[in-house]
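# Breakdown of the fold
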Number of protein chains: 4
Amino acid sequence: MGKAHSHAYRDINMFFKLPFQVVPHTLCGIGDDLEETAKQYGFLNTEENWEKVVSNPDIDVIDICTPDSFHRDIAIAAAKANKHIICEKPLTVNYQFAREMRDAAKAGGVNNLCNFTYRGVPALRLIKRLIDQGKIGKPYAVKMQYLQDFSISPQFPFVWRMDSALAGPGIFGDKGSHLIDMTRYLLGEFDSVCSMSQIFIDKRKDLATGEMRKISTPDCAMFLAKLKCGAMASFELSNMAAGRKNAFLIEINGEKGSILFDLERLNEIKYFTYDDPPEQRGFRVILATEPEHDFIVNWWPSGHVLGWEHTFIHQIYGFLRAISEQCENESNFEDGAQCQQVVDAIVLSNQRGQWVSVDEIR
Amino acid sequence: MGKAHSHAYRDINMFFKLPFQVVPHTLCGIGDDLEETAKQYGFLNTEENWEKVVSNPDIDVIDICTPDSFHRDIAIAAAKANKHIICEKPLTVNYQFAREMRDAAKAGGVNNLCNFTYRGVPALRLIKRLIDQGKIGKPYAVKMQYLQDFSISPQFPFVWRMDSALAGPGIFGDKGSHLIDMTRYLLGEFDSVCSMSQIFIDKRKDLATGEMRKISTPDCAMFLAKLKCGAMASFELSNMAAGRKNAFLIEINGEKGSILFDLERLNEIKYFTYDDPPEQRGFRVILATEPEHDFIVNWWPSGHVLGWEHTFIHQIYGFLRAISEQCENESNFEDGAQCQQVVDAIVLSNQRGQWVSVDEIR
Amino acid sequence: MGKAHSHAYRDINMFFKLPFQVVPHTLCGIGDDLEETAKQYGFLNTEENWEKVVSNPDIDVIDICTPDSFHRDIAIAAAKANKHIICEKPLTVNYQFAREMRDAAKAGGVNNLCNFTYRGVPALRLIKRLIDQGKIGKPYAVKMQYLQDFSISPQFPFVWRMDSALAGPGIFGDKGSHLIDMTRYLLGEFDSVCSMSQIFIDKRKDLATGEMRKISTPDCAMFLAKLKCGAMASFELSNMAAGRKNAFLIEINGEKGSILFDLERLNEIKYFTYDDPPEQRGFRVILATEPEHDFIVNWWPSGHVLGWEHTFIHQIYGFLRAISEQCENESNFEDGAQCQQVVDAIVLSNQRGQWVSVDEIR
Amino acid sequence: MGKAHSHAYRDINMFFKLPFQVVPHTLCGIGDDLEETAKQYGFLNTEENWEKVVSNPDIDVIDICTPDSFHRDIAIAAAKANKHIICEKPLTVNYQFAREMRDAAKAGGVNNLCNFTYRGVPALRLIKRLIDQGKIGKPYAVKMQYLQDFSISPQFPFVWRMDSALAGPGIFGDKGSHLIDMTRYLLGEFDSVCSMSQIFIDKRKDLATGEMRKISTPDCAMFLAKLKCGAMASFELSNMAAGRKNAFLIEINGEKGSILFDLERLNEIKYFTYDDPPEQRGFRVILATEPEHDFIVNWWPSGHVLGWEHTFIHQIYGFLRAISEQCENESNFEDGAQCQQVVDAIVLSNQRGQWVSVDEIR
């Protein structure tokens, strides 16, 4: 994530007009390669102590790409120091912490971005626009999946994300927060959820120690949801879906049309509308690389497709523009907190084996 | 359905070798156009009283295409009269009736087919073969959807299937039984289920009376399931999925590979396997119209695709061949009953808003 | 082909209204299995001498499915006997013969069908309709391919179609006539052509004799054409295109839109139009199985796809309906002759290595 | 193009290891916004006189992104000044100039890159690898198209590329050189060609003057080719293919398999091989974003797709690495010259309306 964020800082002034030049000031981290990485990524300084970074008066924006459990302390300190804050998703590990972060940012009067990066995909913003224009009408059914297969091999080693003590809600936070935020972004709030999950490979080798470690976070999960807009929704998260490399899949069926999306073809959406004459109806593949689509005029001509990393530039641009215009940006800590509430409800449902109302999470 | 079955009888001896010639003997039904339909479909006789058909000694096979609520009585009478029986799916309206039908057929010593017609799709039989050969290994996640949009318009009229008094479990029996049987066919039995459903348009005009009638069966449903093989599964049924015309969609992710299917492209499957070299892996689109695929040598050369109706011929061929070989056919009343048990569990879960174990249904 | 035609006669009265019942009267052919095949296909009689069939007063329609070189004599005799005639494509082996057949049919006052069977694909008829409605405007570029891979293996044996003495123009007549007729059907006449071809495997085993035989017809050919409507066109024919099983591929780019087709997905077309709002443009996949599409109301509900063989039923229906209405059918011997003229021009261009005007063929 | 090159210089040291840091030294150009652009793109200096840039001892590499007709003089001067040279494709406007450039670079002992940028697409390099490994065997048929629709509207204005006096071979050089180089890269040299072309809209408004200007370069062209490897090939170039935004389409059919590509989905190829078991054969969609694919380890995890601009970084990386290793890079002026020879043959064929041997161009 640090690499993707750093790249965004490097490129943003070349492609997007801002009233200031972004300067990657200090790379904060640990490890022997910190200096080398800072040089490679274009940072002027390095620092191992994040508190020094937060208190540095030369720095205007704190960007948090640490493991999830560190997000809260850094963000709250940054807010107190009146720094604008970017925080990778999920915002933190539970709803209570999330509210604290949100409240601290508000109290500090700083812009805050919870980087749900897929809000920066032009094709997904086209979906948003079509929905907001009423093109699909009342939503009936929503299907969202985030499928990868990176850990399908039993030889894939133990990593910290597989230990619930460190990773909290695990895949529910990691992949789940993407799906939940996208659902909220497109269709609004969750009412209730019902979840199940599985660990298919229950021990993996810890490469650091050579020992087999017990896995305590799910490899795969499915959950149903009722949305406040009246739609039914189903979700799937998997790190072990053979052949699915980065398949963030969406299908929304509404009273007037349907929309499909697959992140592996992130420049495209599929759209069906009854506005077409009966004999000409069908799912059309829209390549969202036209000047009419968000962000495209800043890049290349029609049909010259964008990649995954561009989403970071778009998100950070929205954040920086909001700072320059002294207004709020979208995809903020409030969004991060709302998302966290739903994640907590899903985790609770997963434990109970029952439907859980999101309002129950406080 | 009667049209599709009649067509199968007409064509079967042309394409498949059987030791007897199929004769469409008597078309049983009601309505002014019975004679004309019989002539059009190639039946020699007509009859309005099904009991006379069942007792006619010239008739060897009874094929039941009535509304679901009539299946039981006809099938049991046919079994008692020692006729072989074909019955459209769902077998009947509840598990108890289904067991009675199964037991009667067994007692009568007759072949019995519950026509889960999609078992006759060559591409789906290829999926079955790949799974049975261990190509996808242990199954992890199963996604099945049956999506149409025929009733999405509020102008679409009231039909009997929308009245739960007549239609019993409604979409759960109609579309649900297809998904459940296919899951059982490919992967085995269900352990437990958790369902939700919605009626999006709650009143429709009865064209017979001109009155608005209340709708009491769901337009759309989703349910989760745990399978006895250890896989998680999610399901969706819809009559109001915009743009989906006959989308029976399958995705199965296993430890060694994945398989996808869409009935709108019923000659194809997509298959991913880790057996391919890493740099050459991907979902391959297999056109199941090669001589190596089931039934194809009876039809046309490679790439000359089959249609929906062929599935009926394949199913009825399997049934008739089993009669001629005096063995049992697959897709029988036992399958119909097992499927019905799962349907009942889903309906119960839908009422309770909770997980229901299939074993609870007796 | 005889199988596909026979099947059409068997099914046509079940699905299409005609004022008469089609009776498969006499199967004419040679070989030990003639009787058995006649029974299987539902013919009442057999005959080895085609002249007796042509002169039989009980017979109204002569259907010619012989090798191409026999078409002329049978068709002319049938025309003289005032029988309506169906003839498989290509109409014959050269333009002169084709004109004789056309003139004989006209003199005989009989309906005549050159069975360019793909005119019976509902999706292709939708393309025709869109073009005729002006949806793509002036056509600019046309690409047509007919690709199979049945003879790609060097072990695939010598068959008569590989001997130019028997097969005449070979692949130009066999596959080429399909592409040429479809081009004429959709876009009108050819002006001039420029062709090349290759034999990639020049000897194959004759299974009858065990000897290796020299191949004298092309495995693959490409040609360019100028159409009278002003469009440029390119064509490809291949029996050795790896993985292409029955890929009759079409792309037409016009001033207002584009259309794509692939026979391996014969229920679908892809259609792009500038009539859509700029941000919503894309190729839509239209599943041509709606009631609005040709022939569909005679078959099954939306989304219940048709297969390859249905095209024969549609073509023969058009022919029989024209007989019953005493009017001319489309896809007649005039079409067959015009197509043959273009085939001859392509063969001549292939020999000369130069552009050839179609008018030069007389 | 200057934007894409500048971006590559900005990013290359972040993602690729090189023994030196790339410094964008001087932006050479004309126009009022030169200073602003230089700042935006990260250049330290600006210059209006290219000769001063070429003679500046602080500069090691000259990158030429001018209109084609200026390439020659700048490249030759740079070579004489012993600067390494990058030149956008097409190398120049005719084969004679191209040879002069190639010879000058050789004489100057400098690295030279003719930037056929699509050689930098990881998916296309996978195609190259599969071919070189013999996976498709002897190539039989090659189809290449480069289709866009940017000028399809009659309202699209006159631009200099539409005047043959300025643009030379027009679309043959612009789009054609991409197709020709890719063919050479994958399959080797051309033997002979036969071309046709059309101007569909013959006058367009010059926005500078408000006058209608005559168009003298083709909107669309098609040509056939015989390759020295024995394959037949067909090509299409269009600026007026409705709905095609950046469709560089490839299909190669060989004796053992086939490969397809579409630049609008540039992370993917489709691959068919007879190595698969017969019942499992099909075109597989390979997402070329795995660590096994070229360049991917320098970017993001599996399935996190790349965009169009990455190809420039890959090409320039190959060039700079070759400089650092004191060896020759691929895609050099020799490739540019060979490509130009074929372009000239096509232009000649287009004029003559006949086949032209590439050797005829000297």
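Heads up: the structure comes first, above all this text.
Residues numbered from 1 in each chain as written. Chains lettered and ligands numbered in written order. Predicted model: local features only at pLDDT ≥ 70, side-chain atom pairs only at ≥ 80, totals over all residues. Heavy atoms only, no water.

## Section: the overall build of chain A
- A tally of helices and strands in chain A yields ten helices and 16 strands.
- Relative to the 2.2 N^0.38 estimate, which gives 21 Å for 362 residues, the radius of gyration of chain A is 21 Å and therefore close to what a compact globule would have.
- Considered along the principal axes of its C-alpha atoms, chain A spans approximately 65 × 50 × 40 Å.
- In chain A, buried positions account for 64% of the 362 residues.
- A separation of at least 24 residues holds for 66% of the contacts in chain A among residues at least 6 apart in sequence.
- For chain A, the accessible area works out to roughly 13,100 Å², and carbon and sulfur atoms hold 48% of it.
- Measuring between centres, the 39 positive side-chain charges of chain A sit 4 Å from its 48 negative side-chain charges. (Helix = DSSP H or I, 4+ residues; strand = E, 2+ residues; numbered from the N terminus. Rg over C-alpha atoms; globule rule 2.2 N^0.38 Å. Buried < 20%, exposed > 50% of the residue type's maximum accessible area, 1.4 Å probe, protein only. Contact = heavy atoms within 4.5 Å. Areas by Shrake-Rupley, 256 points an atom, 1.4 Å probe, with all protein chains shown as cover. Lys, Arg positive; Asp, Glu negative; His and termini not counted. Charge placed at Lys NZ, Arg CZ, Asp CG, Glu CD.)

## So, the interface of chain B and chain A
- At the junction of the two partners, chain B supplies 44 residues and chain A supplies 45 residues.
- Surface buried jointly by chain B and chain A totals about 3,300 Å² across both partners, of which 66% is contributed by carbon and sulfur atoms.
- Three residues, Tyr140(B), Met196(B) and Met232(B), lead the burial of chain B against chain A; their summed loss comes to 21% of the area buried on that side.
- Across the contact surface, chain B and chain A share four salt bridges.
- Notably, a salt bridge pairs Glu236(A) with Lys143(B), separated by 2.8 Å at the nearest N-O pair. (Buried area = accessible area lost by both parts, 1.4 Å probe. Salt bridge = Lys/Arg side-chain N within 4 Å of Asp/Glu carboxyl O.)

## Details of the relation of the copies chain B and chain A
- Between chain B and chain A, the superposition needs a rotation of 180° and an axial shift of 0.0 Å, giving an RMSD of 0.0 Å. Both chain copies can therefore be described as sitting about a two-fold axis. When C-alpha positions in chain B are compared against the rotation axis, the closest is assigned to Gln354(B), at 3.1 Å.
- Most of the interface of chain B is mirrored in chain A, where 100% of its interface residues are also at the interface. (Least-squares fit on C-alpha atoms with pLDDT ≥ 70 in both.)

## What to know about helix H6 (residues 122-132) of chain B
All names here are of chain B.
- Taking burial as the measure, the eleven residues of H6 include eight buried ones, the bulk of the element.
- The complete set of buried residues in H6 reads Pro122, Ala123, Leu124, Arg125, Leu126, Ile127, Leu130 and Ile131.
- For H6, the secondary structure elements touched by its buried residues are helix H8 (171-187), strand E12 (247-254), strand E13 (257-262), strand E14 (268-273), strand E15 (283-287) and helix H9 (310-324).

## Things to note about the pattern of salt bridges
- For the structure shown, the criterion picks out 106 salt bridges over all chains.
- For the salt bridge of Lys245(B) with Asp149(B), the shortest nitrogen-to-oxygen distance reads 3.0 Å. A residue pair is termed long-range when its members are at least 10 positions apart, and Lys245(B) in the loop between strand E11 (232-238) and E12 and Asp149(B) in the loop between strand E6 (139-147) and helix H7 (164-167) qualify at 96 residues. For the pair formed by Lys245(B) and Asp149(B), the shared burial category is buried.
- A salt bridge links Asp181(C) to Arg119(C), with the shortest nitrogen-to-oxygen separation between them at 2.7 Å. Of this pair, Asp181(C) sits in helix H8 (residues 171-187) while Arg119(C) sits in the loop between strand E5 (112-115) and helix H6 (122-132); the two residues are 62 residues apart in sequence, bridging distant segments of the chain. Taken individually, Asp181(C) and Arg119(C) each receive the classification buried, so the pair is uniform in this respect.
- The network of salt bridges with common partners includes Arg119(A), Asp181(A), Arg184(A), Glu189(A) and Asp335(A).

## So, the environment of Phe20(C)
All names here are of chain C.
- Structurally, Phe20 is set in the loop between helix H1 (2-15) and strand E1 (26-28).
- Residues Phe20 and Asn332, spaced 312 residues apart in sequence, show a C-alpha to C-alpha distance of 22 Å.
- Those residues in contact with Phe20 that sit more than four places away from it in its chain are Asn13, Leu320 and Ser324.

## Considering the relation of the copies chain D and chain C
- Once chain D has been moved 0.0 Å along the axis and rotated by 180°, it coincides with chain C to within an RMSD of 0.0 Å.
- A high fraction, 100%, of the interface residues of chain D reappear at the interface in chain C, so the copies pair face to face through one surface.

## Details of a positive patch on the surface
- On the surface, Lys270(A), Lys270(B), Lys270(C) and Lys270(D) cluster together into a positively charged patch.
- Within the secondary structure layout, Lys270(B) lies in strand E14. (Patch = residues over 30% accessible without salt bridge, like charges linked within 9 Å, V, L, I, M, F, W, Y side chains within 5 Å.)

## Digging into H8(B)
All names here are of chain B.
- Along its 17 residues, H8 runs 22 Å from first to last C-alpha, staying within 8% of the 24 Å computed at 1.5 Å per residue.
- The principal kink in H8, of about 40°, is found at Ser177.
- Counted residue by residue, H8 has 17 buried out of 17 residues, so it is predominantly covered. (Expected span 1.5 Å × (residues − 1). Bend = angle between axes of the 7 residues up to and from the residue.)

## Side note on the interface of chain D and chain C
- Each partner contributes residues to the interface: chain D has 44 residues there, and chain C has 44 residues.
- With both sides pooled, the region where chain D packs onto chain C buries about 3,400 Å², and carbon together with sulfur makes up 66% of that total.
- Interface area lost by chain D to chain C is led by Tyr140(D), Met196(D) and Met232(D), which between them contribute 21%.
- Applying the counting criterion to the chain D and chain C interface returns four salt bridges.
- Arg244(C) is paired through a salt bridge with Glu251(D); the nearest N and O atoms lie 2.8 Å apart.
- At the boundary of chain D and chain C, one finds ten residue pairs in polar contact (both at pLDDT 80 or more). (Polar contact = N/O pair within 3.5 Å; in protein donor to acceptor, adjacent residues only side chain to side chain.)

## Side note on the side chain of Thr26(D)
Residues and elements named next belong to chain D.
- Within the fold, Thr26 resides in strand E1 (residues 26-28).
- Within polar-contact distance, the side chain of Thr26 engages the side chain of His25 at 2.6 Å.
- Non-local contacts of Thr26, meaning those with residues more than four positions away in its chain, are made with Phe43, Asn45, Thr46, Glu47, Val53 and Ile59.

## What about the packing of aromatic side chains?
- This model, assessed by the stated rule, comprises 68 aromatic pairs over all chains.
- Ring centres of Tyr146(C) and Phe248(C) lie 5.2 Å apart, and the angle between their planes is 25°; on these two criteria the pair is classed as stacked. Taken together, the residues Tyr146(C) in strand E6 (residues 139-147) and Phe248(C) in strand E12 (residues 247-254) connect sequence positions 102 residues apart.
- According to the relative accessible area criterion, Tyr146(C) is buried, its value standing at 3%.
- Connected via pairs of aromatic rings, a cluster forms that spans Phe15(A), Phe16(A), Phe295(A), Trp299(A), Trp300(A), Tyr317(A), Trp308(D) and Phe312(D).
- The aromatic ring of Phe97(B) is capped on one face by Arg72(B), whose charged end is 3.6 Å from the ring centroid. (Phe/Tyr/Trp six-rings, centres within 6.5 Å; stacked < 30°, edge-to-face > 60°. Lys NZ or Arg CZ within 6 Å of the ring centre and 35° of its normal.)

## Regarding the environment of Ile62(B)
Residues and elements named next belong to chain B.
- Its location among the elements puts Ile62 in strand E3 (residues 61-64).
- Accessibility expressed as a relative area gives 6% for Ile62, which makes it buried.
- For the pair Ile62 and Thr26, spaced 36 residues apart in sequence, the C-alpha separation works out to 9.7 Å.
- Ignoring anything within four residues of it in the chain, the contact list for Ile62 reads Val53, Val54, Ile74, Ala78, Lys83, His84, Ile85 and Ile86.

## Points about the side chain of Arg184(C)
Residue and element names in this part refer to chain C.
- With respect to the secondary-structure elements, Arg184 resides in helix H8.
- With a relative accessible area of 11%, Arg184 lands in the buried category.
- A distance of 3.2 Å separates a polar atom in the side chain of Arg184 from a polar atom in the side chain of Asp335.
- Here Arg184 is in contact with Arg119, Glu189, Phe190, Asp335, Gln338 and Cys339, once residues within four sequence places are set aside.

## Points about the sheet that holds strand E4 (residues 84-88) of chain B
All names here are of chain B.
- Ordered by their spatial adjacency, three strands build an open sheet running E3-E4-E5, and the pairing between neighbours is parallel. Edge positions in the sheet fall to E3 and strand E5 (112-115), since each has one partner strand and no second. Each strand of the sheet is rotated relative to its neighbour by a mean of 10°, with strand direction disregarded.
- Packed onto the sheet, helix H1 (residues 2-15) meets E3, E4 and E5 and runs at close to 135° relative to E4. (Pairing = 2+ DSSP bridges. Axes fitted to C-alpha atoms, helices over the stretch in contact; angles between N-to-C directions.)

## A short note on unusual backbone geometry
- Going from Lys89(A) to Pro90(A), the amide bond is cis rather than trans, its omega being -10°.
- When you line up the elements, Pro90(A) lands in the loop between strand E4 (84-88) and helix H5 (95-108).
- Located in the positive-phi region is Gln326(C), a residue other than glycine, with phi close to 50°.
- If you trace the backbone, Gln326(C) turns up in the loop between helix H9 (310-324) and helix H10 (333-352).
- The class for Gln326(C) is exposed, based on a relative accessible area of 76%.

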